Amino acid sequence: MFLLVSGTSKSQVIISLLFGDALNTEKIEFGLTGGLNRTYFNGYNGSEGLNNFNLGFYFHIRVKENSFLSTGVLVKSNVGATGMPTYALGDENFDELFEEGNLTTKVNIFYVPIMWQQRINQRFLLEGGIQAGLRSKAYDYFNLESNGGDLEFRRQVSDDFTRLDFGLVGGMGYKLKKDLKSMSVGMLYYYGLVDVMKNPDATVNNSSLNVYLRIPIGAGQKEK
């Protein structure tokens, strides 16, 4: 699934919209999920949270009357941090120019959550489980405000980060209707257990707070 998603993220979303009717069944709810992420580098001194958007699709597989297995893929998702000091690249002019700038790191990751979802009064959602991630690209952005304008330099740093991420995820949500399949809003927190930075002098873990909206696709004709 990781390999398929990493090469076809845009087409996956289009396929989701086209075949939502077929993917939704009596026991499976399928739809799109998206929202705002606030991500952090735990263990990186001086770093600040970074705002990102994510987009993907989800499956809720009914196990019992009010119990579901919740999974899916975030095909567009970033982690990272900002507000960090820049570092030297060995070019005297460049290093002097960005010496007073700040650094932002963005890491593109495809995440697959596997959670147990419990529904209370057909409206409130409690979710918890694990989440695995596969890194694609990572970039450092050198930013500087100078003479009323902004300067930015982007450097690819994919090799500085591990290919895989893994951690715990959990949160709560609220269904907008009591129907078995309906839109929902909620919040999930992810805490990474993997040291994702290859630098032996630092231990850095990803974490993120995700506010989401989930929209079932093609479920209107299949409600029970």
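Every chain's residues receive numbers from 1 upward, in the order its sequence appears when written. Since the coordinates come from a predicted model, pLDDT governs what is reported: local features require at least 70, and pairs of side-chain atoms require 80 or more to be given and counted, while whole-chain, interface and lining totals use all residues. Only heavy atoms go into the side-chain values, all of them from the structure, while hydrogens and water stay out.

Visitor: Tell me what's going on with the side chain of Glu 29, and back it up with residues and numbers.
Guide: Working definition: helices are DSSP H or I runs of at least four residues, strands are E runs of at least two. Numbering for both runs from the N terminus. Among the structural elements, Glu 29 can be located in strand 1 (residues 28-42). Pairs of N or O atoms are called polar contacts if they sit within 3.5 Å, as long as, within protein, a hydrogen donor faces a hydrogen acceptor (for residues adjacent in sequence, only side-chain-to-side-chain pairs). A polar contact is formed between the side chain of Glu 29 and the side chain of Arg 119, at a distance of 3.4 Å.

Visitor: Give a detailed account of a negative patch on the surface, specifying residues and quantitative values.
Guide: Together, Asp 91, Glu 92, Glu 96, Glu 99 and Glu 100 give the surface a local cluster of negative charge. You can see Glu 92 is positioned in helix 4 (residues 92-97). Here the term buried applies to any residue with accessible area under 20% of the maximum for its type, exposed to any over 50%, and partly exposed to those in between, with areas from a 1.4 Å probe on protein chains only. With a relative accessible area of 66%, Glu 92 lands in the exposed category. Patch membership is restricted to residues that have no salt bridge and whose relative accessible area is over 30%. Joining uses 9 Å for like charges and 5 Å for the nonpolar side chains Val, Leu, Ile, Met, Phe, Trp and Tyr. What sets the accessible areas is the Shrake-Rupley method with a 1.4 Å probe; for residues, cover comes only from the shown protein chains. Should a side-chain nitrogen of Lys or Arg be within 4 Å of a carboxyl oxygen of Asp or Glu, the pair is scored as a salt bridge. For the charge count, each Lys or Arg is scored as positive and each Asp or Glu as negative, with His and the chain ends excluded. The location of each charge is read from NZ of Lys, CZ of Arg, CG of Asp or CD of Glu.

Visitor: Give a detailed account of the confidence of the model for the chain, specifying residues and quantitative values.
Guide: Overall, the predicted model of the chain reaches an average pLDDT of 87, with 85% of residues at or above 70. pLDDT expresses how confident the predictor is about each individual residue, on a scale running from 0 to 100. Note on contacts: a residue pair is in contact if any heavy atoms of the two residues lie within 4.5 Å. Across residues 1-9, confidence stays below pLDDT 50; counting only partners more than four residues off in sequence or on other chains, it has 14 contacts.

Visitor: An account of the environment of Ser 207 is requested, with residue identities and associated values reported.
Guide: Here Ser 207 is to be found in strand 10 (residues 205-216). Sequence separation between Ser 207 and Asn 42 is 165 residues, and the spatial gap between their C-alpha atoms is 6.9 Å. Those residues in contact with Ser 207, other than ones at most four positions away along the chain, are Arg 38, Thr 39, Tyr 40, Asn 42, Tyr 189, Tyr 190 and Tyr 191. Here Asn 42 takes part through its side chain, which lies 3.3 Å from a polar atom of the side chain of Ser 207.

Visitor: Describe the nonpolar core, and please don't skip the residues or the numbers.
Guide: The nonpolar core is taken to be a set of buried Ala, Val, Leu, Ile, Met, Phe, Trp, Tyr and Cys residues, with the residues joined through side-chain atoms within 4.5 Å. Counting residues in hydrophobic clusters, the biggest one holds 25 residues, and the most contacted among them are Phe 41, Val 107, Tyr 111 and Phe 161. At the level of elements, strand 4 (78-85), strand 5 (102-120), strand 6 (124-146) and strand 9 (184-192) are the ones that each hand at least two residues to this core. If sequence neighbours within four positions are ignored, Tyr 111 has contacts with Gly 72, Val 73, Leu 74, Ser 77, Val 79, Gln 131, Ala 132, Gly 133, Asp 165, Tyr 190 and Asn 206. Core analysis: the second largest hydrophobic core is formed by seven residues, Phe 30, Val 73, Val 75 and Ile 217 among them.

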